[in-house]
Amino acid sequence: MPLFPRNIVCHCRLPRTLRFFSPAASPPPPPLPPLPLKFSRRRLKVASAVTLSSILAGLYYSYTTNNSSSTSLNTTTFTPYTLTSKTPITSGPTQTTIFTLSPPSRSPTPPLPKLPLSAGILSIQIKQPQLQIARSYTPLPPCQNAELRFLIKREPGGEMSRYLYSLKEGDVVEIRGPGVEYVYPAQGNNKIVFIAGGTGIAPALQMAESLLLLQEGEGSGREAEILWAVRHKEEAFGAMKKEIDSLTKRVEAAGSGRKLVVRRFVDSEGGIGIRDVEAAIVTKGKKASVLVSGPEGFIAWIAGPKDLSGGGEEQGVLGGLLKSVARKKGCNIEVFKL
């Protein structure tokens, strides 16, 4: 069996932070196309020694004072939502919070569209009005409600997180979207393994919901496992435990052989080890698809660093714990670095 995956699906991501043109400094350029709801993708067949590639979507947006907001969520202009709650997960030294945004009561926003048959990860752009920048965030599931919830970490020196943490309940937050930041072509009943670090649990939960529950005529017999690594034990309990329990109960209620297992790993208790990864991805009679999300250092440790040379963002060669397991067991896996 091959030591490394032969088929890697390219994925493309929105730039995490976008900067707008200031009308006061210079006239804004003509508006560019709106945020796409779905990106195209290609399948590459590569040898194990070849760098695994992805597509970086570079999208630039213009800012105008006359057309900066809308009463309904869309991909072109920003819609004012209300911050209705801030639920602390941790207070320090790593501060994380669930931010809940609700649409304007005067103009109810329809639910977000269901994900396409080829499951994807939805993202929403949040604007920082003082600095004229926006950043994409992954909402927690379920994503079929008008209310949106985001798990956000306060980053040292991070302008967006500093802005969001300064807001109070009742304040207005401008958002636009949704965009599909990543497209994963589900293949049969392969076991799906998510290895997530910190707030990287959000895309893992969202895609698990999509693959197991939201695709019409799909999901029966599928098995998904999430390995979630956190620095502090409190990150994985409290409100986040309720989020996970809610999703696993909905998967159980759906029946038809669907299964979702979430395993938590705390750094102070040893964290994720090679045996944990091995137990998750080495399966009998099933090929494993492994998706890795989280901070860049975490992704590099689990699956090897991404290739950022040439101004792009590519998958990079397989490395880290997954390479060790693939070499040891000779298992056939697909790896996707989010």
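This structure is a prediction, so every number in the text was calculated from the model and none was measured.

1. Considerations on the side chain of S293
Tracing the chain through its elements places S293 in strand 15 (residues 288-293). Exposure remark for S293: the relative accessible area of 4% places this residue in the buried category. Excluding residues that lie within four positions of it along the chain, S293 makes contacts with I195, A196, G197, G200, P203, F298, I299 and L338.

2. As for the packing of helix 5 (residues 296-303) against helix 6 (residues 320-329)
The contact between helix 5 and helix 6 brings their axes to 2 Å, and the two run at 10 degrees. Taken together, the axes of helix 5 and helix 6 lie roughly parallel to each other. Between helix 5 and helix 6, the contacting residues are A300, W301, I302 and A303 on the first element and G320, L321 and L322 on the second. Looking at the contact of helix 5 with helix 6 residue by residue, the class counts come to six nonpolar, one polar and no charged.

3. What to know about the pattern of salt bridges
As a working rule, side chains carrying opposite charge can pair if their charged atoms are close by. Scanning the model with the defined rule gives 13 salt bridges in all. A salt bridge links E225 to K191; its shortest N-O distance comes to 2.9 Å. Of this pair, E225 sits in strand 13 (residues 223-230) while K191 sits in strand 12 (residues 191-197), and the two are 34 residues apart along the sequence. Given a relative accessible area of 8%, E225 falls into the buried group. By relative accessible area, K191 is classed as buried at 5%. The closest approach of N and O atoms between E296 and K306, which form a salt bridge, is 3.8 Å. Pair noted here: E296 is in helix 5 and K306 is in the loop between helix 5 and helix 6, with a separation of ten residues, a long-range link. By sharing partners, the salt bridges in this structure join K191, E225, R263 and D276 into a single network.

4. Examining the packing of aromatic side chains
Per the stated rule, a full pass over the model turns up two aromatic pairs. Ring centres of F99 and Y165 lie 5.2 Å apart, and the angle between their planes is 80 degrees; on these two criteria the pair is classed as edge-to-face. Taken together, the residues span a long stretch of sequence, with F99 in strand 7 (residues 96-102) and Y165 in helix 1 (residues 159-166) at a distance of 66 residues. Each member of the pair, F99 as well as Y165, carries the same accessibility label: buried. The residue whose ring lies beneath K127 is F78, and the NZ or CZ to ring-centre distance is 4.9 Å. The cationic tip of R264 hangs over the ring face of F237; the distance from NZ or CZ to the ring centre is 5.6 Å.

5. Re the sheet that holds strand 12
Strands sit in the order 14-13-12-15-16 across an open sheet of five strands; the sheet is parallel. This sheet does not close on itself; its edge strands, each paired only once, are strand 14 (259-266) and strand 16 (333-337). This sheet shows a mean twist of 15 degrees between the axes of neighbouring strands, independent of strand direction. As judged from the five bridges shared by strand 15 and strand 16, these two strands associate in the parallel manner. Looking at strand 16, one finds that L291 is bridged to F336. Relative to strand 14, helix 3 (residues 239-254) is tilted by about 160 degrees, and along the sheet it contacts strand 13 and strand 14.

6. Some thoughts on the environment of T138
Along the chain, T138 turns up in the loop between strand 9 (133-137) and strand 10 (148-153). Separated by 15 residues in sequence, T138 and S123 have C-alpha atoms that sit 4.6 Å apart. What T138 contacts, discounting residues up to four positions off in sequence, is I121, L122, R149, F150, A202, P203 and Q206.

7. Focus on helix 4 (residues 274-281)
Since one α-helical turn is 3.6 residues long, residues separated by three or four positions face the same way. Every buried residue of helix 4 is listed here: D276, V277, E278, A280 and I281. Residues of helix 4 that are buried make contact with strand 12, strand 13, strand 14, strand 15, helix 6 and strand 16.

8. A short note on the confidence of the model for the chain
Per-residue pLDDT for the chain has a mean of 75; in total, 70% of the residues score no lower than 70. Counting interchain partners and residues more than four positions distant, the pLDDT-below-50 stretch residues 1-15 has 72 contacts.

9. Observations regarding the pairing of strand 15
Extensive coverage of strand 15 is indicated by the burial of six of its six residues. Alternating residues of strand 15 divide into A288, V290 and V292 and S289, L291 and S293, and every residue in both groups is buried. Looking at chain direction, strand 12 and strand 15 are connected through six bridges and run parallel. When the bridges of strand 15 are listed, I195 appears paired with V292.

Cut-offs used in this document
Residues numbered from 1 in each chain as written. Predicted model: local features only at pLDDT ≥ 70, side-chain atom pairs only at ≥ 80, totals over all residues. Heavy atoms only, no water. Helix = DSSP H or I, 4+ residues; strand = E, 2+ residues; numbered from the N terminus. Buried < 20%, exposed > 50% of the residue type's maximum accessible area, 1.4 Å probe, protein only. Contact = heavy atoms within 4.5 Å. Axes fitted to C-alpha atoms, helices over the stretch in contact; angles between N-to-C directions. Parallel < 35°, antiparallel > 145°, perpendicular 65-115°, else oblique. Nonpolar A, V, L, I, M, F, W, Y, C, P; charged D, E, K, R; others polar. Salt bridge = Lys/Arg side-chain N within 4 Å of Asp/Glu carboxyl O. Phe/Tyr/Trp six-rings, centres within 6.5 Å; stacked < 30°, edge-to-face > 60°. Lys NZ or Arg CZ within 6 Å of the ring centre and 35° of its normal. Pairing = 2+ DSSP bridges. pLDDT = per-residue confidence, 0-100.

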